[in-house]
2 protein chains.
Amino acid sequence: MSRSHQENLALYAKLAIHGGVGLAKGQELILRSDIQNLPLVRYVVEEAYRSGAKNVQVIFVDEKVGLLRYEFGSDEAIEYAPGWLYNALTEAYNQNAASLAIISDDPNLLKSVSPDKIAKSSKAQGIAALPVSEVISGFKINWSLIGAPSPGWAKLVFPDLPVDEAMDKLWHSILYTSRVLESDPLETWNKHCNTLEAKKDELNKLQITELHFTGPGTDLTVGLANNAVWQGGWGYAKNGVKCGPNIPTEEVFTMPHRSNVNGVVSSTKPLSVRGQLIDKIQMEFESGAVTKASASVGEETLLKLIETDPGARRLGEVALVPDSCLVSQSKTLFFNTLYDENAASHIALGRCYSENMEGFENLSKEKQLEDGANDSLIHVDWMIGSSQIDVAAKTKSQGTISLMKNGEWTLEGH
Amino acid sequence: MSRSHQENLALYAKLAIHGGVGLAKGQELILRSDIQNLPLVRYVVEEAYRSGAKNVQVIFVDEKVGLLRYEFGSDEAIEYAPGWLYNALTEAYNQNAASLAIISDDPNLLKSVSPDKIAKSSKAQGIAALPVSEVISGFKINWSLIGAPSPGWAKLVFPDLPVDEAMDKLWHSILYTSRVLESDPLETWNKHCNTLEAKKDELNKLQITELHFTGPGTDLTVGLANNAVWQGGWGYAKNGVKCGPNIPTEEVFTMPHRSNVNGVVSSTKPLSVRGQLIDKIQMEFESGAVTKASASVGEETLLKLIETDPGARRLGEVALVPDSCLVSQSKTLFFNTLYDENAASHIALGRCYSENMEGFENLSKEKQLEDGANDSLIHVDWMIGSSQIDVAAKTKSQGTISLMKNGEWTLEGH
């Protein structure tokens with residue numbers, strides 16, 4: 001089956017609205033996108049209004065404008081964040097607006113900016129954005145992320161191709177991994193999310209208390225938080241709307257215990273953080289905290305990252321992704337976490353998701369931490385899975401069992 | 001002298017920041033623009049940061065996204081306005097952010113939308129935007145408007161040219177009337193604003209109580225508000241910053257008395273309001289209020305406009321512009337009020353500017369109205385001047401005198 005790019009964009013927009021953000025009739029939508037994605041933005045806006053949106057507020061950003069701030073902004077400008085804007089978004093979400101973002105960042109945009117400057121700016125933005133981060137990590141409203149190529153990003157993924165061809169090829173990878181090229185994308189997506197949901201139910205039944213990752217450069221024990229819950233596939237926001245928070249998604253994920261992670265771990269893919277690349281991470285953990293960290297590329301960026309606050313050197317998420325999944329099959333290294341984290345098992349430094357702990361909302365902040373929940377301005381996923389990684393689990397129901405061998409599920413259910 | 005377009009854009013950005021918004025060091029700037037003006041936006045952002053801006057928050061809009069709301073939005077969507085966004089802008093202005101907008105609207109964008117739908121939407125937006133309108137009309141912060149061509153606009157102004165040539169020609173008209181093509185644009189601009197300031201001082205000394213416009217289809221007496229003050233050239237915002245609120249500007253303007261306008265008046269140029277054209281307006285006023293209104297084009301839009309609220313059928317501004325001024329000399333009909341109102345004397349239906357009444361802030365709302373100040377959700381300027389219009393004035397200092405003959409100043413000072 002061959003469709004025009006315009007037809008694929010229209011289908012992608014439908015998937016984003018109905019399978020991603022799950023927009024409810026009469027709901028307001030806040031859509032964040034770089035101006036480079038204008039054609040897709042317009043399809044999404046049309047689909048949202050056709051589906052009864054009360055309003056679609058597009059928050060356009062321009063990466064060059066962001067760069068100009070780093071190039072010509074005063075020290076004051078670097079350390080300033082527009083709290084009034086984050087407060088406004090929070091107000092909208094509190095009025096039940098849904099959130100959809102189209103990700104297209106150039107992974108290397110801030111290559112020439114000093115990591116110190118970026119860390120200062122990111123911290124200021126992170127503090128100002130806290131009310132928004134809490135809406136998202138607390139799953140108060142339905143939200144979703146999708147991707148779209150930009151020239152800078154496409155050239156990094158396909159450096160040997162002219163930019164137009166690189167863009168076409170990255171579009172293909174994005175539409176393929178998002179299942180938009182299927183004959184009925186939404187139906188295929190729904191089935192896929194149901195399958196992931198069955199997998200996380202299976203894991204929850206096992207009552208896992210600890211994961212053990214082993215492979216080249218990795219021997220990591222990740223104790224799970226008290227009352228940790230696995231999630232995957234559909235997300236159920238507190239406003240009652242069911243959504244798919246990431247397109248694509250291939251993961252099941254849960255909450256590590258902030259004080260119970262030990263051992264060494266090596267990254268299996270590079271990642272882009274704050275417009276800079278980091279590669280070949282090695283980290284050691286003791287009682288939950290990073291005690292040693294190095295990287296072959298972007299080490300200063302990595303070190304600044306874990307210095308953000310005390311929670312930045314502890315884990316907030318651990319996720320399992322089989323090596324045979326669709327994103328991994330695409331054989332594309334995306335340099336973008338939305339895709340790469342769905343091609344490999346991963347962990348995240350920083351803030352946890354409240355949905356990964358049963359009864360989270362009813363616990364005091366103190367009790368949340370004591371039970372293993374982690375808090376931070378950051379939440380940065382990085383990939384530790386591959387076809388060479390095994391995962392074992394301590395369970396309450398069956399003792400110690402194998403979950404993954406050579407990156408594939410060993411559970412009977414699947 | 002011949003400069004490249006890029007050089008002109010950089011100079012235009014400098015003029016906008018220093019001669020327009022008058023950005024103070026350390027001040028935040030809110031820059032509103034259609035995404036079509038991206039190259040100019042980036043020059044303005046760079047100039048703002050180079051001048052010590054604390055932050056430049058670009059609020060990008062896309063006219064097609066606006067159109068999609070009208071095309072596919074539910075009744076609920078048409079009558080909804082995102083109050084949270086207007087509140088946020090108000091918060092930023094209250095924290096002393098400056099405002100700059102780049103105007104590029106297609107004057108005919110909403111041609112095929114029913115005036116009733118537009119009126120409903122505009123009213124909802126106007127109500128939600130009231131806090132912002134009050135910041136602007138109360139001159140609480142420094143603000144400015146500049147223009148940039150868009151394809152839809154350029155094709156309307158130069159319908160016989162291919163779109164690229166029409167864009168080039170409209171760029172030329174805009175840069176010419178904004179004095180950017182001068183050898184030292186900022187210096188020329190400063191002198192020009194000083195000249196306008198001298199003119200308004202001259203008019204203030206006359207202590208004018210009433211204006212009388214006569215010409216083809218026009219015999220209109222405009223009584224001025226008590227303690228009316230003429231303004232022109234520089235604006236002095238209440239945050240202490242001097243700015244040029246419009247680029248270009250050719251007007252001196254003051255406050256009519258909301259209850260003391262009588263006679264008939266005819267428009268001398270078409271205008272675009274809310275994405276629709278209106279032409280050949282005829283209006284009759286009695287005791288300040290419109291009693292009859294017609295138009296050869298867009299009559300329904302005009303009638304909806306003056307039905308917005310009681311203040312929408314009364315005047316908030318009267319301005320004098322000589323026919324020999326630069327914008328008029330450009331012989332371009334812009335279909336855009338920023339330019340056309342600076343090519344001809346004009347009046348505005350709706351909200352007044354507080355700077356046009358001495359002691360405005362110290363008066364109760366009731367006393368403001370009694371003294372002649374007008375309040376409304378709208379402020380719509382339309383052109384009533386031309387080379388065929390004479391203007392006389394009743395003054396306290398010299399009795400009845402001629403101000404303009406055949407559209408030109410008759411005062412000795414100029």
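Residues numbered from 1 in each chain as written. Chains lettered and ligands numbered in written order. Predicted model: local features only at pLDDT ≥ 70, side-chain atom pairs only at ≥ 80, totals over all residues. Heavy atoms only, no water.

### Notes on the overall build of chain A
Right, so step 1: Broken down by element type, chain A carries 14 helices and 21 strands.
Right, so step 2: The C-alpha radius of gyration computed for chain A amounts to 20 Å, which stays within 12% of the reference 22 Å derived for 414 residues, consistent with globular compactness.
Right, so step 3: Expressed along its principal axes, the backbone C-alpha trace of chain A runs to roughly 50 × 50 × 50 Å.
Right, so step 4: Taking all 414 residues of chain A together, the buried fraction comes to 61%.
Right, so step 5: For chain A, restricting intrachain contacts to residue pairs at least 6 apart in sequence, the fraction spanning at least 24 positions comes to 76%.
Right, so step 6: Taking the 38 positively charged and 52 negatively charged side chains of chain A as two groups, their mean positions are separated by 2 Å. (Helix = DSSP H or I, 4+ residues; strand = E, 2+ residues; numbered from the N terminus. Rg over C-alpha atoms; globule rule 2.2 N^0.38 Å. Buried < 20%, exposed > 50% of the residue type's maximum accessible area, 1.4 Å probe, protein only. Contact = heavy atoms within 4.5 Å. Lys, Arg positive; Asp, Glu negative; His and termini not counted. Charge placed at Lys NZ, Arg CZ, Asp CG, Glu CD.)

### A word on the relation of the copies chain A and chain B
Right, so step 1: Overlaying chain A with chain B gives an RMSD of 0.0 Å, the required rotation being 180° about an axis along which the chain moves by 0.0 Å. The superposition operator between the copies reduces to a two-fold rotation axis.
Right, so step 2: A share of 100% of interface residues in chain A that are also interface residues in chain B marks the association as one of identical surfaces. (Least-squares fit on C-alpha atoms with pLDDT ≥ 70 in both.)

### Regarding the sheet that holds strand 1 (residues 28-34) of chain A
Residue and element names in this part refer to chain A.
Right, so step 1: Strand order in this open sheet of four strands is 2-1-3-4, and the pairing throughout is parallel. Because the sheet does not close on itself, it has two edges, and the strands there are strand 2 (55-61) and strand 4 (143-147). Direction aside, neighbouring strands of the sheet carry axes that sit 15° apart on average.
Right, so step 2: Helix 1 (residues 5-20) rests against strand 1, strand 3 (98-103) and strand 4 of the sheet, and its axis sits at about 155° to strand 4. (Pairing = 2+ DSSP bridges. Axes fitted to C-alpha atoms, helices over the stretch in contact; angles between N-to-C directions.)

### Concerning the interface of chain A and chain B
Right, so step 1: Taken residue by residue, the interface counts 37 residues in chain A and 37 residues in chain B.
Right, so step 2: Counting the surface chain A buries against chain B, the share from its top three residues, Tyr 49, Phe 72 and Trp 84 of chain A, is 21%.
Right, so step 3: Our count for the chain A to chain B interface comes out at two salt bridges.
Right, so step 4: Two residues, Arg 42 of chain A and Asp 62 of chain B, come together in a salt bridge whose shortest N-O distance is 2.7 Å. (Buried area = accessible area lost by both parts, 1.4 Å probe. Salt bridge = Lys/Arg side-chain N within 4 Å of Asp/Glu carboxyl O.)

### Looking at the sheet that holds strand 20 (residues 399-405) of chain A
Residues and elements named next belong to chain A.
Right, so step 1: Taking strand neighbours across the sheet as the criterion, the eight strands line up as 15-14-11-6-5-19-20-21 in an open arrangement whose pairing is antiparallel. The open sheet has two edge strands, strand 15 (289-294) and strand 21 (408-409), and neither has a second partner.
Right, so step 2: Helix-sheet contacts for helix 10 (residues 185-206) involve strand 5 (208-215), strand 19 (390-395), strand 20 and strand 21, and the interaxial angle to strand 20 is about 155°.
Right, so step 3: The strands touched by helix 11 (residues 299-306) within the sheet are strand 14 (282-286) and strand 15, with strand 15 carrying the most contacts at an inclination of about 165°.

### What about the pairing of strand 6 (residues 218-224) of chain B?
Along any regular strand, the residues point their side chains to alternate faces of the sheet.
Residue and element names in this part refer to chain B.
Right, so step 1: Counted residue by residue, strand 6 has six buried out of seven residues, so it is predominantly covered.
Right, so step 2: As paired strands, strand 5 (residues 208-215) and strand 6 are joined by six bridges and run antiparallel to one another. Bridge pairing in strand 6 places Thr 214 opposite Asp 219.
Right, so step 3: Once strand 5 ends, the chain turns through two residues before running back antiparallel as strand 6, passing Gly 217 with a positive phi of about 75°.
Right, so step 4: Sheet analysis places strand 6 next to strand 11 (residues 256-266), joined by five bridges and oriented antiparallel. Residue pairing for strand 11: Leu 220 is matched across the bridge by Gly 263.

### Considerations on the pattern of salt bridges
Side chains bearing opposite charge may pair, as long as their charged atoms lie close to each other.
Right, so step 1: Applying the stated rule across the entire model yields 32 salt bridges over all chains.
Right, so step 2: For Lys 365 of chain A, the salt bridge goes to Asp 375 of chain A, with nearest N and O atoms at 3.3 Å. Separated by 10 residues along the polypeptide, Lys 365 of chain A in helix 14 (residues 365-370) and Asp 375 of chain A in the loop between helix 14 and strand 18 (379-383) bring together distant segments of the chain.
Right, so step 3: Here Asp 371 of chain B and Lys 367 of chain B are joined by a salt bridge, their closest N and O atoms 3.2 Å apart.

### As for unusual backbone geometry
Right, so step 1: The linkage connecting Ile 247 of chain A with the following residue, Pro 248 of chain A, adopts the cis geometry, with an omega of 5°.
Right, so step 2: Mapping Pro 248 of chain A onto the fold places it in the loop between strand 9 (242-243) and strand 10 (252-254).
Right, so step 3: Although it is not a glycine, Phe 139 of chain A sits at a positive phi angle of roughly 55°.
Right, so step 4: With respect to the helices and strands, the residue Phe 139 of chain A is situated in the loop between helix 7 (130-137) and strand 4.
Right, so step 5: One non-glycine residue with positive phi stands out, namely Lys 280 of chain B, at about 50°.

### As for the environment of Lys 140 of chain B
All names here are of chain B.
Right, so step 1: Looking at where Lys 140 falls in the secondary structure, it is placed in the loop between helix 7 (130-137) and strand 4 (143-147).
Right, so step 2: Taking the relative accessible area as the measure of exposure, Lys 140 reaches 42% and is therefore partly exposed.
Right, so step 3: Between the C-alpha atoms of Lys 140 and Val 241, which are 101 residues apart in sequence, the distance is 9.6 Å.
Right, so step 4: Once residues within four sequence positions are removed from consideration, Lys 140 is found in contact with Glu 134, Val 135, Lys 238 and Asn 239.

### Quick word on helix 10 (residues 185-206) of chain B
All names here are of chain B.
Right, so step 1: The end-to-end C-alpha distance of helix 10, which contains 22 residues, comes to 32 Å, matching closely the 32 Å that a straight helix rising 1.5 Å per residue would cover.
Right, so step 2: Residues Pro 185, Trp 189, His 192, Cys 193, Leu 196, Glu 197, Lys 199, Lys 200, Glu 202, Leu 203 and Leu 206 constitute the buried set of helix 10.
Right, so step 3: Positive phi appears at Gln 207, one or two residues downstream of helix 10, with a value of about 55°. (Expected span 1.5 Å × (residues − 1).)

### Things to note about helix 11 of chain A
Right, so step 1: Among all positions of helix 11 of chain A, only Thr 301, Leu 302, Leu 305 and Ile 306 of chain A are buried. Around the axis of helix 11 of chain A, the buried residues are gathered within 125° of arc, so they sit on the same side. (Arc of directions from axis to C-beta.)

### Structural notes on the domain arrangement of chain A
How big an interface is tends to be expressed through the accessible area that disappears when the partners come together.
Residue and element names in this part refer to chain A.
Right, so step 1: Domain boundaries in chain A define domain 1 (5-177) and domain 2 (207-230 + 251-413).
Right, so step 2: Of note, the centres of domain 1 and domain 2, computed from C-alpha atoms alone, are 24 Å apart.
Right, so step 3: The interface of domain 1 with domain 2 comprises 35 residues on the first partner and 27 residues on the second.
Right, so step 4: A buried area of about 2500 Å², summed over both sides, lies between domain 1 and domain 2, and 63% of it is on carbon and sulfur atoms.
Right, so step 5: At the boundary of domain 1 and domain 2, one finds one salt bridge.
Right, so step 6: If you look at where domain 1 meets domain 2, you find 13 residue pairs in polar contact (both at pLDDT 80 or more).
Right, so step 7: Secondary-structure elements contributing two or more residues to the side of domain 1 that touches domain 2 are helix 6 (115-128), helix 7, strand 4, helix 8 (151-157) and helix 9 (163-177).
Right, so step 8: Looking at side-chain class alone, the side of domain 1 that touches domain 2 contains 22 nonpolar, nine polar and four charged residues. (Domains from an automatic or database assignment. Polar contact = N/O pair within 3.5 Å; in protein donor to acceptor, adjacent residues only side chain to side chain. Nonpolar A, V, L, I, M, F, W, Y, C, P; charged D, E, K, R; others polar.)

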